[in-house]
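# Summary of structural features
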Amino acid sequence: MDQTHILLTSSFSSLIFLIFLYRFLIRRKGRNPPPSPPSLPIIGHLHLIIKGPVHRVLEQLSSKYGPVMALRFGNRPVLVVTSPSAVEECFTRNDIVLANRPLLLSGKYLDYDHTTLGAVPYGRLWRDLRRITTLELFSTTRLKAYMGVRHDEARSLVKSLFQDSGTKDFARVEMRSRIQAVSFNIVMRVVADKRFYGTEVADYKEAEKFRDIIRDVFEISGASNPADFIPLLQWIDIQGLNKKLSKLQTETDTFSQNLIEERRSKRRNSSSDEGKPKTFIDAMLSLQESEPEYYTDDIIKGNILTLLLAGTDTSSGTIEWAMSLLLNHPKVLEKARAEIDEHIGHERLVEETDLPNIPYIQCIVNESLRLFPVAPLLVPHEPSEDCTIGGFDVSRGTMVLVNAWGIHRDPRVWEDPLSFKPERFEGVGNANEGYRFIPFGMGRRQCPGSGLANRVVNLALASLIQCFEWERVGEELVGLSEGKGLTMPKQDPLEAMCRGRQTMSPVLSQL
């Protein structure tokens, strides 16, 4: 009996040893893994990324270990890419291979088990959602249809500031909440024909609930979650993140379902929306009528939340960074204002159709996105099969992070990279910058809303420059420290001294 037991134990130990030998020696024979810093047992390199903003930590590591670098976050292999040539390889030759997204805990709850445009694995559902959002939200036809919405919200921003400042004395104004109101209202009106910010809100209780939910979603989405990399922590749930996500899912689900039911009701009484452009929810409900089992309410609700998160904080954050940079560089602000005065004058407000005639505004936006990209690490990718990047072997299931922030500030890529110089973009378009300027990502899973975002940001910024004089609150430069969150917000909300321009007073008074 004892001999049998010893024999079985020995055989089992030998089997384990052979499996280990196969996985870690034989399978890796001939492989060329990327360089990697020393790691710790179990947690891998997680201890390194708690030392500061992740994009900064990864850039420092890449400067030592190379532009294609391997890390391990818990049990998850990670590849960090920090060079234009490697990015080009990722999103040309390996574009389809890298079209998947890593499955994260937040996606289980807030993305309806990874069925939204941003989180869904590459396949039929992703292709269908991409096609729908492109046609119903981001196509040239749809962007033109909702031009009036963008004009309304830009004028609402100008009106609010003019009421608080006038044209006589400078008034101290807080900008973040005002800018956020513009981007949120634009997206909500396109999605569901509703406004939740400002004075012209139909249901203040509903608007307050919406703002609370969005604040909580951004807060919990921006928090790091070790359980995504150490599965045991999902069972223990020390941070209570599972409970928080579950509670937040219930709140967002109820809110989004109410939006859907309201649009359903209005579709039955189509005369109530006569003359208005079709909303995104309307488009999804039309598809649901033909394929109810495929376009479920959960699919619609998940993508409502995705559009709100991806299309709002990113635009408002870019405007806030751009205004902060302009306050620190008054000569750039003067040059932009002179261009607007020359091509538009003082007898009317700038309109979206004017933007091609004031290209320096786009240069300012591009330079702001270069220095402060709202997605500094883009959205993570995951290869569906083994591949090579930069001559190194990358295994299926690796989380691939593209450090756009690091590339945008690389002195080997940009001359004087830390300086704010919008002139570097004069005479060139985004497409001509290739893979060294990637604020919206690249490849088939790049941000589909870049056209809308550019229109919102350029119009709002041009309106602020045309209508007001701006100064810093004190003599010190505006702080440019980065806060926590997925979209790299400013650490301190922007405050500035604002006064309506005398030359624009007749137009502003009519608002």
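Quick caveat: nothing in here was measured; it's all calculated off a predicted structure.

Thresholds, definitions, all that
- Residues numbered from 1 in each chain as written.
- Predicted model: local features only at pLDDT ≥ 70, side-chain atom pairs only at ≥ 80, totals over all residues.
- Heavy atoms only, no water.
- Salt bridge = Lys/Arg side-chain N within 4 Å of Asp/Glu carboxyl O.
- Helix = DSSP H or I, 4+ residues; strand = E, 2+ residues; numbered from the N terminus.
- Axes fitted to C-alpha atoms, helices over the stretch in contact; angles between N-to-C directions.
- Left-handed = near helix turned anticlockwise from the far one by under 90°.
- Contact = heavy atoms within 4.5 Å.
- Nonpolar A, V, L, I, M, F, W, Y, C, P; charged D, E, K, R; others polar.
- UniProt positions renumbered as here; feature names shortened; annotations may be inferred.
- Buried < 20%, exposed > 50% of the residue type's maximum accessible area, 1.4 Å probe, protein only.
- Phe/Tyr/Trp six-rings, centres within 6.5 Å; stacked < 30°, edge-to-face > 60°.
- Lys NZ or Arg CZ within 6 Å of the ring centre and 35° of its normal.
- Disulfide = S-S within 2.5 Å.
- Pairing = 2+ DSSP bridges.
- Patch = residues over 30% accessible without salt bridge, like charges linked within 9 Å, V, L, I, M, F, W, Y side chains within 5 Å.
- Areas by Shrake-Rupley, 256 points an atom, 1.4 Å probe, with all protein chains shown as cover.
- Polar contact = N/O pair within 3.5 Å; in protein donor to acceptor, adjacent residues only side chain to side chain.

We now examine the pattern of salt bridges. On inspection of all chains with the given rule, the structure shows 38 salt bridges. Of the charged contacts in the structure, one is a salt bridge between Lys 247 and Glu 251, with a shortest N-O distance of 2.8 Å. Placement of the pair is Lys 247 and Glu 251 together in helix α11 (residues 241–268), with a separation of 4 residues, close to one helical turn. Members of the salt-bridge network, linked through shared partners, are Arg 124, Asp 128, Arg 131 and Glu 291.

Let us look at the packing of helix α14 (residues 313–328) against helix α18 (residues 450–467). Across the interface, α14 lies against α18 with an axial gap of 10 Å and an inter-helix angle of 35°. α14 and α18 meet at a crossing whose hand is right-handed. In contact with Ser 315, Thr 318, Ile 319, Ala 322, Met 323 and Leu 326 of α14, α18 contributes Ala 453, Val 456, Val 457, Ala 460, Leu 461, Leu 464 and Ile 465. Here the contact of α14 with α18 is built from residues that sort into 11 nonpolar, 2 polar and no charged.

Now for the UniProt feature "binding site: heme" (unreviewed entry) in the protein chain. UniProt feature "binding site: heme" (unreviewed entry): in the numbering of this structure it lies at Cys 447. Mapped onto the elements, Cys 447 comes out in the loop between α17 (404–408) and α18. When its relative accessible area of 32% is taken as the criterion, Cys 447 is described as partly exposed.

So, about the packing of aromatic side chains. Under the criterion given, the structure shown has 13 aromatic pairs. Measuring from centroid to centroid gives 4.9 Å for Tyr 294 and Tyr 295, while their planes differ by 80°, and the two rings are edge-to-face. Taken individually, Tyr 294 and Tyr 295 each receive the classification buried, so the pair is uniform in this respect. An angle of 55° between the planes, with centres 5.0 Å apart, marks the rings of Phe 425 and Phe 437 as tilted. One end of the pair, Phe 425, is in the loop between α17 and α18; the other, Phe 437, is in the loop between α17 and α18, and 12 residues separate them in sequence. Phe 437 matches Phe 425 in its accessibility class, with the two residues each being buried. By way of ring pairs, the aromatic residues Phe 184, Phe 196, Tyr 197, Phe 210 and Phe 255 are connected into one cluster. Cation over ring: Arg 127 sits above Tyr 122, and NZ or CZ is 5.7 Å from the ring centre. Against the face of Trp 414 rests Arg 370, its NZ or CZ located 5.3 Å from the ring centre.

This part is about the state of the cysteines. Going through the model one piece at a time under the given rule, you end up with 0 disulfides. Its sulfur unpaired, Cys 387 is 7.5 Å from the next cysteine sulfur, which belongs to Cys 90. Not part of a disulfide, Cys 447 finds its nearest cysteine sulfur in Cys 90, a span of 19 Å.

In this section: the sheet that holds strand β1 (residues 68–73). The strand order β1-β2-β6 describes an open sheet built from 3 strands, whose pairing is mixed. Both outer strands of the open sheet, β1 and β6 (399–402), are each paired with one neighbouring strand and no more. Between one strand axis and the next, the sheet turns through 25° on average, direction left out of account. By the bridge criterion, 6 bridges tie β1 to strand β2 (residues 76–81) in an arrangement that is antiparallel.

A word on a nonpolar patch on the surface. Nonpolar side chains collect at one region of the surface, where Leu 232, Trp 235 and Ile 236 lie side by side and expose about 430 Å² of accessible area between them. Counting through the fold element by element, Trp 235 comes out in helix α10 (residues 232–236).

Our next topic: the sheet that holds strand β8 (residues 495–500). On the basis of which strands lie adjacent, the open sheet formed by 3 strands has the order β3-β8-β7 and antiparallel pairing. What marks the edges here is a single partner per strand, and that holds for β3 (171–174) and β7 (468–471). Across the sheet, the mean angle from the axis of one strand to that of its neighbour is 45°, orientation sign disregarded. Where β3 and β8 come together, 4 bridges link them in antiparallel fashion. Across the sheet, Glu 174 pairs through a bridge with Glu 495, a residue of β8.

Mapped onto the secondary structure, Arg 130 falls in helix α5 (residues 124–138). A polar side-chain atom of Arg 130 sits 2.9 Å from the main-chain carbonyl oxygen of Gln 446. When residues no more than four places from it in sequence are discounted, the contact partners of Arg 130 are Leu 117, Arg 444, Arg 445, Gln 446 and Pro 448.

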